[in-house]
Amino acid sequence: MAYNPTAIKLPDASAFERKITGRQTNLYVLQNNAGMQVAITNFGGYLVGALVPDKKGKLTSVIIGFDNIEGLLKQESYYGATIGRYGNRIADGKFTLEGKEYRLFVNNGPNSLHGGKYNFSYRVWEANQIDAKTVTLEYLSEDMEEGYPGNLKVKITYQLTDDNAITITYEATTDKTTIVNLTNHAYFNLNGEGNEDILNHVMQIAADNYTPVNNTMIPTGKIEPVKGTPFDFTNPERIGKRIKADNEQLKFGNGYDHNFVLNKRGAHSPAATVTGDKSGIKLEVYTDQPGMQFYTGNFMPGTNILRGGVKDKMCTAFAMETQHFPDSPNQPHFPSTVLKPGEIYKTQTTYKFSV
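As the structure is a computational prediction, the values presented were derived from the model and not from experiment. (Residues numbered from 1 in each chain as written. Predicted model: local features only at pLDDT ≥ 70, side-chain atom pairs only at ≥ 80, totals over all residues. Heavy atoms only, no water.)

### As for the overall build of the chain
Reasoning step 1: The number of helices and strands found in the chain is two helices and 29 strands.
Reasoning step 2: What you see for the chain is a C-alpha radius of gyration of 19 Å, in line with the 20 Å of a compact globule of 355 residues.
Reasoning step 3: Judged by the C-alpha coordinates and their principal axes, the chain covers about 60 × 50 × 40 Å.
Reasoning step 4: Positive and negative side-chain charges in the chain, numbering 36 and 37 respectively, have mean positions lying 2 Å apart. (Helix = DSSP H or I, 4+ residues; strand = E, 2+ residues; numbered from the N terminus. Rg over C-alpha atoms; globule rule 2.2 N^0.38 Å. Lys, Arg positive; Asp, Glu negative; His and termini not counted. Charge placed at Lys NZ, Arg CZ, Asp CG, Glu CD.)

### Notes on the sheet that holds strand S15 (residues 165-174)
Reasoning step 1: Taken together, nine strands build an open sheet; the order of strands is S12-S13-S14-S15-S29-S25-S24-S19-S22 and the sheet is antiparallel. Strands at the two margins of the open sheet, each flanked by one partner only, are strand S12 (126-131) and strand S22 (237-238).
Reasoning step 2: Bridge count for strand S14 (residues 152-160) against S15 is nine bridges, and the pairing is antiparallel. Bridge pairing links Ile156 to Tyr170 in S15. (Pairing = 2+ DSSP bridges.)

### Details of the packing of aromatic side chains
Reasoning step 1: Taken as a whole and judged by the stated rule, the model has 22 aromatic pairs.
Reasoning step 2: A ring pair is formed by Phe95 and Tyr102, whose centres lie 5.4 Å apart and whose planes are at 25°; its orientation type is stacked. Each member of the pair Phe95 and Tyr102 is classed as buried.
Reasoning step 3: Here the aromatic residues Phe188, Tyr210, Phe231, Phe233, Tyr256, Phe260, Phe294, Phe318, Tyr351 and Phe353 are joined through ring pairs into a cluster of three or more.
Reasoning step 4: If you follow Arg242 out to its NZ or CZ, it ends over the ring of Phe233, 5.2 Å from the centre. (Phe/Tyr/Trp six-rings, centres within 6.5 Å; stacked < 30°, edge-to-face > 60°. Buried < 20%, exposed > 50% of the residue type's maximum accessible area, 1.4 Å probe, protein only. Lys NZ or Arg CZ within 6 Å of the ring centre and 35° of its normal.)

### Some details on the pairing of strand S4 (residues 37-41)
Reasoning step 1: Burial analysis of S4 places five of its five residues in the buried class, the great majority of the element.
Reasoning step 2: The pairing of strand S3 (residues 27-31) with S4 spans five bridges and is classified as antiparallel. Paired with Leu27 across the strands is Thr41, a residue of S4.
Reasoning step 3: Connecting S3 to the antiparallel partner S4 that follows it, the hairpin turn spans five residues, and Gly35 within it adopts a positive phi of roughly 95°.
Reasoning step 4: Here S4 runs beside strand S5 (residues 47-53); their pairing, made up of four bridges, is antiparallel. Residue pairing across strands places Ile40 opposite Leu47, the latter belonging to S5.
Reasoning step 5: Here S4 folds back onto S5, and the loop between the two strands holds five residues, one of which, Gly44, carries a positive phi near 70°.

### Regarding the pattern of salt bridges
Reasoning step 1: Tallied over the full model, the rule gives 12 salt bridges.
Reasoning step 2: In this structure, the salt-bridge partner of Arg89 is Asp257, at a minimum N-O distance of 3.5 Å. Of this pair, Arg89 sits in strand S8 (residues 89-90) while Asp257 sits in strand S23 (residues 257-261); the two residues are 168 residues apart in sequence, bridging distant segments of the chain. Each member of the pair, Arg89 as well as Asp257, is classed as buried.
Reasoning step 3: Between Glu193 and Arg307 there is a salt bridge, and its shortest N-O distance comes to 2.8 Å. Of the two residues, Glu193 is situated in the loop between strand S18 (187-188) and strand S19 (202-205) and Arg307 in the loop between strand S26 (291-295) and strand S27 (318-323); the sequence distance between them amounts to 114 residues.
Reasoning step 4: For Glu193, a relative accessible area of 3% translates into the label buried. (Salt bridge = Lys/Arg side-chain N within 4 Å of Asp/Glu carboxyl O.)

Spelled out as structure tokens, the structure:
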């Protein structure tokens, strides 16, 4: 089925209203004074969609997703999901904390991915729409849920600003020492969802180093320079220019699916900038996190029907998951993801759009 650009709109709220595990799910729409719209559901904390103006002022759907909650229930690619308790992979589904070994559900080869079988993307969150531009989601992850210790109270705030930015603030506390690594798994196509692959998007990542992986996508423990490799995006470059290079790391990931070690972090220096080659829409990513997983949709299955009636073909969207490094609990020289009672986990990421 061909993509129908005249049908670009956010899904109907009624398509996300149902009872799951006895709890009500809904769709929450944010809109700013510039006309940008964002949709979020309290099922899985999904960022369902975002409409932003392109260089001609035409609203463009830049985050791929589904028309209804049934699409979210069927897919396994985390399209826009809140990821937790631990974003990315943990080797062999286990880690040791304060002398005790914890075992997790293995759902990605020999490893645990994105928090396990019934991770945060399967949970119904308590939602509160504060105003037209802000919604909060809260969830209590009970002690030993998916194998993780501690009762973890999580709060996520989605805020849409008038300069077309989506700011996501993550907060968490625990009553027992645990590990936490929260992120969002939105998939972007800045030309508009359904507009083929993203390989001609131009990208720059402020990262002089990255963490290479083994053949099961677990970091080797090394932090290596990107210079002289296909991972060098320190200057603007087409995403697809070197994606087919004869490179072991690209073969392991079937493309880019790697953690970049960010140079500068904070509100004034973007960790990454990507521009759609057709739309002229620019995405800037700001974060206080030490890493960012850049993923080119190499395992998009081509079996899910997205908005507009198109299938989720390989490399038709990319993800930029701001995070701590994969497998940090098993690699003590990586930045720590340990959270102790009395501490507050708080991190913020902004996805800002312009032309």
